[in-house]
Amino acid sequence: FSHATRATIKRYVYQYLVEEGHSLTALAMQQELPDWALHPANGSSTGQLLRMLDQYSELSREPAEADPVAVEKEALNTLEADPFHLEEEVFSLSGIHTGNIISCCIQNDNVVTGSADKTVAITPVKELSDEPFADANAAVIQNFTSPVLNTIPHPSQDILLVTCMDGATWLVEDGHHTPGPVHRKYVVRGAWSSDGNMFATASYDKTVQVWQRPSASDPFALATTLPFVGNPEAVEFHAVADRVHEQLLVGVRDDCHLHLYDTLTWKVDKMNLNVLKDAFVSFTVLDVRVDPTNKLVALATDKDRVMIYSLATGTQLRVLYGASNDGYSTPRLRWHPNGVHLMVTSQANDIVCWDVRTETIAFRLTGHEGQVRDFDYCLEHNVVVSCSYDKTVRFWK
């Protein structure tokens, strides 16, 4: 290697150590080398070392049943820049739960949290637009039969979909629990359709149940049960431009495809997530989020990277590095409504936000002392609410 190449490698190794939180090792490297050797180039992307290793692995492996499909690249860098930025923790709420807080969401002027202590708390929040204040003593606590894994608010009504570790699910409205789908194993995810007349629950019993109602005044009933070879890890509804009905997107462990179901006929299309369009499985999709334009889908994986694909062509458009998530993690993704920024939880106890145009990190939200399990974004007040294994709920502006 030339001297310049060796210096670049050292910078990338140092960048990797810093991004992975190996502060002592990074400090030792900093002490042994001159400052110029580790100084990053202006505007350099994150995850450079992992990016090179991923490219080498992808180019050097033998294709498995390769399907030669032209790789179409869409220009995300033409998106209009947006000044969205959060950095300040303005409030921390504790004492709501005795166990780890696993889920959180914003519903009306309440923060809804679910915990390993088998409770859901609905805590009123005052002055969300200025200096948030919430009183743990004012929380309405509801008891369930097992640890609560997800609390998903209805898109337009005061209904809450609650999924639990014992396989039970519940619809909560006005303090009343109505039983929902019952799975044989814990329910890892749930999602509402955009009109709120359909919801899906994904379980480690290797099924996704979909429940539907004809109108807002009717009860929900089972529409279909979708079986899988592996465990479904993520579900998301997607509004298709030329159809009245939506698609249901499902990510499955140890499967190189994203499953797209027509919610009218329940026929499935499979999007191959490999660049070579072969059958090789190199990562698992752990969360799925469609962007505000309904043209792109972001996938959080178990390999420390988030990927963005075109829903129209299945083309991989972006690979984002800088968040730490392995096979035991439960990452949560959120798009900002501007379609430029994408946020995800990380096992490094923080939330990472990228500018998808440039593949660079816009900011990190740091402060939690335990793994961040969930977060929600309130557009009206430009506030992020997050929850963690440190048993706190934090507000960021």
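Residues numbered from 1 in each chain as written. Predicted model: local features only at pLDDT ≥ 70, side-chain atom pairs only at ≥ 80, totals over all residues. Heavy atoms only, no water.

1. Topic: the overall build of the protein chain
Along its length, the protein chain carries 4 helices and 29 strands. In terms of overall dimensions, the protein chain is globule-like: its C-alpha atoms have a radius of gyration of 22 Å, near the 21 Å expected for 397 residues. Taken along its principal axes, the extent of the C-alpha atoms in the protein chain is 70 × 50 × 40 Å. Within the protein chain, the proportion of its 397 residues that are buried is 54%. Within the protein chain, contacts between residues separated by at least 24 positions form 47% of all contacts whose residues are at least 6 apart in sequence. Taken as a whole, the protein chain presents about 18,200 Å² of accessible surface, with 52% of it coming from carbon and sulfur. Positive and negative side-chain charges in the protein chain, numbering 31 and 51 respectively, have mean positions lying 6 Å apart. (Helix = DSSP H or I, 4+ residues; strand = E, 2+ residues; numbered from the N terminus. Rg over C-alpha atoms; globule rule 2.2 N^0.38 Å. Buried < 20%, exposed > 50% of the residue type's maximum accessible area, 1.4 Å probe, protein only. Contact = heavy atoms within 4.5 Å. Areas by Shrake-Rupley, 256 points an atom, 1.4 Å probe, with all protein chains shown as cover. Lys, Arg positive; Asp, Glu negative; His and termini not counted. Charge placed at Lys NZ, Arg CZ, Asp CG, Glu CD.)

2. Quick look at the pattern of salt bridges
Scanning the entire structure with this criterion turns up 11 salt bridges. With a shortest N-O distance of 2.7 Å, Asp 355 and Arg 357 are connected by a salt bridge. A residue is classified by how much of its surface remains accessible, and Asp 355, at 10% relative accessible area, is buried. If you follow the salt bridges from partner to partner, you end up with Arg 332, Arg 334, Asp 374 and Asp 376 in one network. (Salt bridge = Lys/Arg side-chain N within 4 Å of Asp/Glu carboxyl O.)

3. Side note on the sheet that holds strand E23 (residues 333-335)
Across a sheet, paired strands are connected by hydrogen bonds in the backbone, their directions being either parallel or antiparallel. Ordered by their spatial adjacency, 4 strands build an open sheet running E23-E24-E25-E26, and the pairing between neighbours is antiparallel. Among the strands making up the open sheet, the edge pair consists of E23 and strand E26 (360-366). Neighbour-to-neighbour, the strand axes of this sheet turn through a mean angle of 20°, independent of strand direction. Across 6 bridges, the pairing between strand E25 (residues 350-355) and E26 is antiparallel. Along E26, the bridge assignment pairs Cys 353 with Phe 363. (Pairing = 2+ DSSP bridges. Axes fitted to C-alpha atoms, helices over the stretch in contact; angles between N-to-C directions.)

4. What to know about the confidence of the model for the protein chain
Looking at the protein chain as a whole, its pLDDT mean stands at 88, while 91% of the residues score no less than 70. Every residue in residues 66-74 is under pLDDT 50, and counting partners more than four places away or in other chains gives 17 contacts. (pLDDT = per-residue confidence, 0-100.)

5. With respect to the pairing of strand E16 (residues 246-252)
Counting buried residues in E16 gives 7 out of 7 residues, a clear majority hidden from the surface. Both faces of E16 are covered, namely the face carrying Glu 246, Leu 248, Val 250 and Val 252 and the face carrying Gln 247, Leu 249 and Gly 251. Sheet topology note: the strand E15 (residues 232-239)/E16 ladder contains 7 bridges and is antiparallel. From the neighbouring strand, His 238 faces E16, where its bridge partner is Gln 247. What sits between E15 and E16 in their antiparallel hairpin is a turn of 6 residues. Here 5 bridges tie E16 to strand E17 (residues 257-262), and the two strands are oriented antiparallel to one another. Its bridge partner being in E17, Leu 249 is matched across the sheet by Leu 260. What sits between E16 and E17 in their antiparallel hairpin is a turn of 4 residues, with Asp 254 showing a positive phi close to 60°.

6. Here we look at the packing of aromatic side chains
Across all of its chains, the model carries 10 aromatic pairs by this definition. Taking the centre distance of 5.5 Å and the plane angle of 55° together, the rings of Phe 91 and Phe 395 count as tilted. Placement of Phe 91 in strand E1 (residues 89-94) and of Phe 395 in strand E29 (residues 392-396) is noted, with a sequence separation of 304 residues between them. On the basis of relative accessibility, which here comes to 0%, the residue Phe 395 falls in the buried class. Residues Phe 199 and Trp 211 carry aromatic rings whose centres are separated by 6.3 Å and whose planes lie at 20° to one another, so their mutual orientation is stacked. With Phe 199 in strand E12 (residues 198-203) and Trp 211 in strand E13 (residues 207-212), the pair connects residues that are 12 residues apart, well separated along the chain. (Phe/Tyr/Trp six-rings, centres within 6.5 Å; stacked < 30°, edge-to-face > 60°.)

7. Digging into the environment of Val 210
Along the chain, Val 210 turns up in strand E13. Along the sequence, Val 210 and Ala 223 sit 13 residues apart, while their C-alpha atoms lie 5.5 Å from each other.

8. Notes on the sheet that holds strand E18 (residues 268-272)
Strand order in the open sheet formed by 4 strands is E15-E16-E17-E18, and the pairing between neighbours is antiparallel. Each edge of the sheet is formed by a strand with only one pairing partner; in this case those strands are E15 and E18. Recorded for the sheet is a direction-independent mean angle of 25° between the axes of neighbouring strands.

9. Examining the environment of Thr 313
Within the fold, Thr 313 resides in the loop between strand E21 (305-310) and strand E22 (316-321). For Thr 313, a relative accessible area of 36% gives the class partly exposed. Residues Thr 313 and Lys 295, 18 residues apart in the sequence, show an inter-C-alpha distance of 9.8 Å. A polar contact of 3.2 Å, which involves the side chain of Thr 313, links it to the side chain of Ser 310. (Polar contact = N/O pair within 3.5 Å; in protein donor to acceptor, adjacent residues only side chain to side chain.)

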